[in-house]
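Observations on chain architecture
Residues per chain are reported as follows:
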Amino acid sequence: MPATAHIEFIIAAYGAGVVVIVALIAWVMFDYRLQRRILAELEATGVSRRSARDAAEQTASDGA
Amino acid sequence: MRISELANPSRFLRTANLAIPWLGGATAIVLAFAIYRAMLAPDDYQQGATVKIMFLHVPSAWLGMLCWGLMTIAAFGTLIWRHPLADVAAKAAAPLGAAFTLLCLVTGSLWGRPEWGTYWVWDARLTSELILFLLYLGVIALWRTVEDASRAARAVAILTLVGAIDLPIIKFSVDWWNTLHQGASVFRLGGSTIDPTILIPLLLMAAAFTLLFVTLLLAAMRNEILRRRVRTLRLLQASAAG
């Protein structure tokens, strides 16, 4: 069997592999930036979680 | 640090932030070396050059099953131990498992056409693998359908435990039924039947895919924790405004 036999199937398979892996990496990176940006926007409005406020108060009292 | 200490989401985030760049770098190095070794691997005496599709197909199949196995452990974590990160892990893992299972099905079809003369047969191995993919889609849909996260987590955990029945069916389908798909050739009693010139690149690709999976899982879990914080802040904002 020549080395190039069925090469189109091999290229298609590796192409599918590249598409799936790149899509997964792009998905987690895009989602991370999106969630970070939304969190920053929300925190800029002054709203914060109770545990985050407690941690900030603890740090302030430790420093005082 | 004990594993149980990672149950704290903030501590998990700090650990994930440290680990993800290192894991990503290790994945890139191992994957590059594995692809290099795969491209150098000789043609199979029966399959010819199409054996190179196996370097993608087999690790994808393993990871599709491994991911459901991890989701099964997470399901116990949700239902029994109420571990705070169990449903985070399950939710983050489902799209990854679906993607690897889809890649397994696509590469298998692309291998099947030249070797079997068809893209698809309703063979026990292929059908049980397709059921696994549909189960992943069901889990993803369930997460999106039920708005209350804790109720969704319990429903998904039950579906995951029921779906775990498919894992031994996939594994032993080639032994239990007369299938077109070949039997086990890597992990089997009596050792592998694959020549080392093909087995070593295959195991390297499996290692690279596993590293990739772990990196993506940690990153997706980190995103899910941030998404839950966003939801909490929005609820606080809404209650303050009301």
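The model shown is predicted, which means the values in this text are computed figures rather than measured ones. (Residues numbered from 1 in each chain as written. Chains lettered and ligands numbered in written order. Predicted model: local features only at pLDDT ≥ 70, side-chain atom pairs only at ≥ 80, totals over all residues.)

Here's the deal with the overall build of chain B
Rules: Each helix is a run of DSSP H or I of at least 4 residues and each strand a run of E of at least 2, with the numbering of both proceeding from the N terminus. Exposure is read from a count of other C-beta atoms within 10 Å of each residue's own; the residue is exposed at 12 or fewer, buried at 20 or more and partly exposed in between. C-beta atoms are placed from the backbone. Here, residues touch in the contact sense if the C-beta positions derived from the backbone fall within 7 Å of one another.
Of regular secondary structure, chain B possesses seven helices and zero strands. Dimensions along the principal axes, computed over C-alpha positions, put chain B at roughly 70 × 35 × 30 Å. Scored against the burial criterion, the 242 residues of chain B give a buried share of 38%. Contacts spanning at least 24 positions in sequence make up 76% of the contacts within chain B whose residues lie at least 6 apart.

Some details on the nonpolar core
Applied cut-off: Take the buried Ala, Val, Leu, Ile, Met, Phe, Trp, Tyr and Cys residues, join any whose C-beta atoms are within 7 Å, and the set you get is a nonpolar core.
One finds Ala90(B), Ala93(B), Leu96(B), Leu216(B) and Leu217(B) to be the most contacted residues of the largest nonpolar core, which totals 65 residues. At the level of elements, helix H1 (7–44) of chain A together with helix H1 (9–40), helix H2 (51–81), helix H3 (86–116), helix H4 (124–145), helix H5 (149–163) and helix H7 (196–241) of chain B are the ones that each hand at least two residues to this core. Take this core: its biggest share by element is 17 residues, from H3(B). For Ala90(B), the contacting residues outside a window of four places in its chain are Met71(B), Ala74(B), Ala75(B), Thr78(B), Val156(B) and Thr160(B).

As for the environment of Ala90(B)
Relative to the assigned elements, Ala90(B) resides in helix H3. Between the alpha carbons of Ala90(B) and Gly25(B) there is a distance of 25 Å; along the sequence they are 65 residues apart.

Re the packing of H1(A) against H7(B)
Definition in use: Interaxial angle, 0 to 180 degrees, is taken between N-to-C directions of lines fitted to C-alpha atoms, where a helix line uses only the stretch in contact. When describing relative orientation, an angle under 35 degrees is termed roughly parallel and one over 145 degrees roughly antiparallel, while 65 to 115 degrees is termed roughly perpendicular and anything else oblique. Here is the rule for handedness: rotate from the far helix to the near one, and if that takes an anticlockwise turn smaller than a right angle the crossing is left-handed, while a clockwise turn gives right-handed. Throughout this entry, Asp, Glu, Lys and Arg are counted as charged residues, while Ala, Val, Leu, Ile, Met, Phe, Trp, Tyr, Cys and Pro are counted as nonpolar. The remaining residues, Gly among them, count as polar.
Axis separation between H1(A) and H7(B) bottoms out at 9 Å; the angle between their running directions is 25°. Taken together, the axes of H1(A) and H7(B) are roughly parallel relative to one another. Remark: the crossing between H1(A) and H7(B) carries left-handed chirality. Looking at side-chain class alone, the contact of H1(A) with H7(B) contains 14 nonpolar, three polar and six charged residues.

Some words on the interface of chain A and chain B
For an interface, size is often stated in terms of accessible area lost upon the parts coming together. On the chain B side, the residues contacting the 26 residues of chain A number 33 residues. Of the residues belonging to the side of chain A that touches chain B, the class tally is 19 nonpolar, four polar and three charged.

Considerations on the confidence of the model for chain B
Predicted coordinates in regions of low pLDDT should not be interpreted in detail. Selection rule: The pLDDT value tells you how sure the predictor is about a given residue, anywhere from 0 up to 100.
In this model, chain B carries an average pLDDT of 92, and 97% of its residues clear a pLDDT of 70 or more. Here the prediction assigns the complex a pTM of 0.90, and the interface score ipTM is 0.90.

Re the environment of Ile10(A)
As for its placement among the helices and strands, Ile10(A) is situated in helix H1. On a C-alpha basis, the gap between Ile10(A) and Ile21(A) in space is 17 Å, while along the polypeptide they are eleven residues apart. Ignoring anything within four residues of it in the chain, the contact list for Ile10(A) reads Ala49(B), Thr50(B), Lys52(B) and Ile53(B).

Overview of the environment of Ala98(B)
All names here are of chain B. With respect to the secondary-structure elements, Ala98 resides in helix H3. Taking the C-alpha atoms as reference points, Ala98 and Leu63, separated by 35 residues in sequence, lie 9.8 Å from one another. Setting aside residues up to four positions removed in sequence, Ala98 forms contacts with Phe133, Tyr136, Leu137 and Ile140.

Describing H3(B)
All names here are of chain B. To keep things clear, this is the line we draw: A helix's residues, less one, multiplied by 1.5 Å, set its expected span. Bending is quantified residue by residue as the angle between axes fitted to the seven-residue window ending at that residue and the seven-residue window starting at it.
If you check H3, its first and last C-alpha atoms are 42 Å apart, about what 31 residues at 1.5 Å a residue would give, namely 45 Å. By the largest-angle criterion, Ala93 marks the main kink of H3, which is about 30°, and a proline, Pro95, follows within four residues. Two residues or fewer after H3 comes Gly117, characterised by a positive phi angle close to 85°.

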